[in-house]
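# Structure assessment
Here's the letter readout for the chains.
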Amino acid sequence: MTFIVLGVLGLCMGSFVNALVWRLHHQETSKRKSGKFSIAHGRSMCPHCQHELAVKDLIPVLSWLWLGGKCRYCRRPIGWQYPLVELSTLGLYLTSYVYWPYGFDVFGIALLVTWLTLLIGLVALLVYDLRWMILPNRLVYPLYSLALAQIVVLIVQAGSLKPLVGAAGGILVTSGVFYGLFQISKGQWIGGGDVKLAVILGVFAGGFIEGVILIFMASLLGTIVSLPLFIMGKGRGKQIPFGPFLIIATIIVYLFGASIIAEYKQRFLLI
């Protein structure tokens, strides 16, 4: 039953992410403010003809498949982004539940709710950065409250300030490294949005070592994706957003960081 509830919730949140990203982009770029692009009150609409969608058009994944990936009203294609984001969010919700590292007592559930909420923002930022090469403050800043909630719950659970020290260590690595790169390159190597996001990611990394693993993993993923593009000549002269790699690395470290560190110690440090 829990799987079904989380699966449906994940699909719905993925659909919300698609609407959130599209509306926010229109708000940021539109010269004329319109209530129909309101995140809280706007109605779902076709991204092309902006016809308001009926309930039957809003069933995650299934509506897209039923309509052959096209708008019911203007028949223009609706991209793969929509079902892909919905299915990805579904997968993240179920994976988080299966591999949840904090248990399911009161504190564990509070942390799980915080994490699942954070995933909505992280997926939205990933999509936004991939499409428009920017991490908007209106998506980044609300996530600071979730980072604070994470620290508070962990402090209450531990009965000490040790989680705060761990969060500070994570921030020191993630945001510190990116702030240094930002200053040295004058914003050419890394964007200001990455620096702001890295503060949140450092908190959820939870420690200095975890922050190092996060940076290493994000850099490795970026290299794996970028290198073939450069070899084929498709990446030359083009900027590749680093935010998505940071976000993917954070998800891996948050869910599997303790296992990765334990495995490393066992194999290489013989502890």
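Residues numbered from 1 in each chain as written. Predicted model: local features only at pLDDT ≥ 70, side-chain atom pairs only at ≥ 80, totals over all residues. Heavy atoms only, no water.

## Notes on the packing of helix α3 (residues 81-98) against helix α4 (residues 106-132)
It is the contact of α3 with α4, at a shortest axis distance of 11 Å, that shows an interaxial angle of 145°. As α3 packs across α4, the resulting crossing turns out to be right-handed. Contact residues: α3 offers Q81, V85, T89, L92, Y93 and S96, while α4 offers W115, L116, L119, I120, V123, V127 and R131. Looking at the contact of α3 with α4 residue by residue, the classes come out as nine nonpolar, three polar and one charged. (Axes fitted to C-alpha atoms, helices over the stretch in contact; angles between N-to-C directions. Helix = DSSP H or I, 4+ residues; strand = E, 2+ residues; numbered from the N terminus. Left-handed = near helix turned anticlockwise from the far one by under 90°. Contact = heavy atoms within 4.5 Å. Nonpolar A, V, L, I, M, F, W, Y, C, P; charged D, E, K, R; others polar.)

## Let's talk about the side chain of N18
Along the polypeptide, N18 turns up in helix α1 (residues 2-29). Given the relative accessible area of 2%, N18 is considered buried. In this structure the side chain of N18 is engaged in a polar contact, spanning 3.1 Å, whose partner is the backbone oxygen of Y82. For N18, the residues in contact, after removing those within four places along its chain, are Q81, Y82, V85 and E86. (Buried < 20%, exposed > 50% of the residue type's maximum accessible area, 1.4 Å probe, protein only. Polar contact = N/O pair within 3.5 Å; in protein donor to acceptor, adjacent residues only side chain to side chain.)

## Concerning the packing of aromatic side chains
Applying the stated rule across the entire model yields 14 aromatic pairs. An aromatic cluster is present here, built from W100, Y102, W115, F204 and Y254 joined pairwise through their rings. (Phe/Tyr/Trp six-rings, centres within 6.5 Å; stacked < 30°, edge-to-face > 60°.)

## Description of the environment of Y102
When you line up the elements, Y102 lands in the loop between α3 and α4. Exposure remark for Y102: the relative accessible area of 27% places this residue in the partly exposed category.

## Side note on helix α9 (residues 208-231)
Between its terminal C-alpha atoms α9 stretches 34 Å, which fits the 34 Å expected from 24 residues at 1.5 Å a residue. Listed as buried for α9 are G211, I213, L214, I215, M217, A218, G222 and S226. (Expected span 1.5 Å × (residues − 1).)

## Some details on the nonpolar core
Counting residues in hydrophobic clusters, the biggest one holds 57 residues, and the most contacted among them are W115, L118, L122, L125, F178 and F204. With 13 residues, the single largest contributor to this core is α4. W22, C46, L53 and Y82 belong to the second largest nonpolar core, which has eight residues in total. (Core = buried A, V, L, I, M, F, W, Y, C linked by side-chain atoms within 4.5 Å.)

## Digging into the confidence of the model for the protein chain
Overall, the predicted model of the protein chain reaches an average pLDDT of 89, with 92% of residues at or above 70. Confidence, expressed as mean pLDDT per element, reaches its minimum in the protein chain at helix α10 (residues 243-269) with 89 and its maximum at helix α6 (residues 143-158) with 97. (pLDDT = per-residue confidence, 0-100.)

## A few points about the packing of α1 against α4
Axis separation between α1 and α4 bottoms out at 9 Å; the angle between their running directions is 45°. The angle between α1 and α4 falls in the class oblique. Note that α1 runs across α4; the crossing there is right-handed. From α1, L6, M13, F16, V17, L20, V21, L24, H25 and E28 reach across to α4, where they touch L116, I120, V123, A124, V127, Y128 and W132. Tallied by class, residues from the contact of α1 with α4 come to 14 nonpolar, one polar and one charged. (Parallel < 35°, antiparallel > 145°, perpendicular 65-115°, else oblique.)

## Examining the environment of A110
Turning to its location among the elements, A110 is positioned in helix α4. With a relative accessible area of 30%, A110 lands in the partly exposed category. On a C-alpha basis, the gap between A110 and L154 in space is 9.8 Å, while along the polypeptide they are 44 residues apart.

## Section: the side chain of T89
Looking at the secondary structure, you find T89 in helix α3. The exposure class assigned to T89 is buried, which follows from its relative accessible area of 1%. Within the local environment of T89, its side chain forms a polar contact with the backbone oxygen of V85, the two atoms lying 2.8 Å apart. Not counting residues up to four positions away in its chain, the partners in contact with T89 are G10, M13, G14 and V123.

## Description of the pattern of salt bridges
Tallying each qualifying case throughout the model produces one salt bridge. Among the salt bridges present, the one from R72 reaches D57, with a minimum N-O distance of 2.6 Å. Taken together, the residues R72 in the loop between α2 (62-66) and α3 and D57 in the loop between α1 and α2 connect sequence positions 15 residues apart. By relative accessible area, R72 is classed as partly exposed at 28%. (Salt bridge = Lys/Arg side-chain N within 4 Å of Asp/Glu carboxyl O.)

## Quick notes on α3
For α3, which comprises 18 residues, the first-to-last C-alpha distance of 25 Å matches the rise-based estimate of 26 Å (1.5 Å per residue) to within 8%. Of the positions making up α3, those classed as buried are Q81, Y82, P83, V85, E86, T89, L90, Y93 and S96.

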